[in-house]
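If you want the building blocks of each chain, they are given just below.
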Amino acid sequence: GPAPAGLVRVLDEAHYAKDPGARRTQAARALAAAARRAGGAVWGLTGTPVLNRPPELWAVLRLLGLERAVWPGGWGEFQRDFRARRDRWGGTVYGTPPADLGARLRPVLLRRARAAVLPELPAKTWRDVPVDLPTRGEARRLADAAVAALAAEGIRLEEATDLARATRLRGAAFEALSAARAALAAAKTAAALELVEDLEAAGEPVVAFSAHRGPVAALAAREGWAAITGDVASEERTRLVAEFQAGRLRGLACTIAAAGVGITLTAAAHAVFVDLDWTPARNAQAED
């Protein structure tokens, strides 16, 4: 219905409204437009205005009616600023953003860094834990097969993840790379279990993440642990988070896609990543 005058509509996780053909995006834009027509305002909240590619920033600004405030020349000016060009697969590749992007966004963006919001949190430390693969075995075989499948398509391994994230890696090459990733995650599960055992022995609550369900299931089978995956209902997620925060769970094993956004697990000082999601921004959000 019509929005009352003076209404402020707040759209949380505004970066989800990035696909113009999606019903969620269309509904969000309709709500935003109704508020503006009635003389109200629209605010968007997001921790990742660019989850994958620069056009997602344009989508957030468009949702809020701010795209022309930053790029008066419209979409063409945006494309030029981000040095957009066609790649050999017919997709669009973007270069580095303009040097003055921060200054342009400042009038329409209130940015608060984690250190300003939660100054009591200590600085992060990272540790890589090498895991040796056997010279023979399923993980190594599938990894070699993935490299061969990519090479057959003329794709270097270094560019495969970016192509997969942009949905331009398809067919046999994508299937082979996905199988290798799952096998490599499984091959690291034993090392992850050893790591969480050490943390448990020190009385430290742990959050463990994986992009795959196999490691999550193995970790969640430990005494005093639970899992959050895409199959866990919202109400159950809320209950598990409350149990963990209250100290009634020793650990929580999660898929990055299901638990990387929208939950608070500050009872833990350690996050263990068995493997990573295709999208770096999702990993960063889960880590925070």
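Our structure is the block above this text.
Residues numbered from 1 in each chain as written. Predicted model: local features only at pLDDT ≥ 70, side-chain atom pairs only at ≥ 80, totals over all residues. Heavy atoms only, no water.

(A) Just the overall build of the chain, in detail. Within the chain one finds 14 helices and eight strands. Dimensions of the chain along its principal axes, counting C-alpha atoms only, are 60 × 50 × 35 Å. Burial statistics for the chain: of 288 residues in total, 37% are counted as buried. Taking the contacts inside the chain whose residues are at least 6 apart along the sequence as the reference set, 64% of them involve residues at least 24 apart. Counting every atom, the chain has about 16,700 Å² of accessible surface; 54% of that belongs to carbon and sulfur. Positive and negative side-chain charges of the chain, numbering 38 and 33 respectively, have mean locations separated by a distance of 8 Å. (Helix = DSSP H or I, 4+ residues; strand = E, 2+ residues; numbered from the N terminus. Buried < 20%, exposed > 50% of the residue type's maximum accessible area, 1.4 Å probe, protein only. Contact = heavy atoms within 4.5 Å. Areas by Shrake-Rupley, 256 points an atom, 1.4 Å probe, with all protein chains shown as cover. Lys, Arg positive; Asp, Glu negative; His and termini not counted. Charge placed at Lys NZ, Arg CZ, Asp CG, Glu CD.)

(B) Just the environment of Arg-141, in detail. The topology assignment puts Arg-141 in helix α7 (residues 138-152). Along the primary structure Arg-141 and Ile-228 are separated by 87 residues, whereas in three dimensions their C-alpha atoms are 30 Å apart.

(C) Up close: the packing of aromatic side chains. Enumeration over the complete set of coordinates arrives at nine aromatic pairs. Ring geometry for Phe-174 against Trp-278: centres 5.9 Å apart, planes inclined by 25°, an arrangement best described as stacked. Of the two residues, Phe-174 is situated in helix α9 (residues 171-187) and Trp-278 in the loop between β8 (270-273) and α14 (280-287); the sequence distance between them amounts to 104 residues. One aromatic cluster in this structure is built from Trp-58, Trp-71, Trp-75, Phe-78 and Phe-82. A cation over a ring is seen here: Arg-181 above Trp-278, with NZ or CZ 4.0 Å from the ring centre. (Phe/Tyr/Trp six-rings, centres within 6.5 Å; stacked < 30°, edge-to-face > 60°. Lys NZ or Arg CZ within 6 Å of the ring centre and 35° of its normal.)

All we've got here are geometric facts, nothing functional implied.
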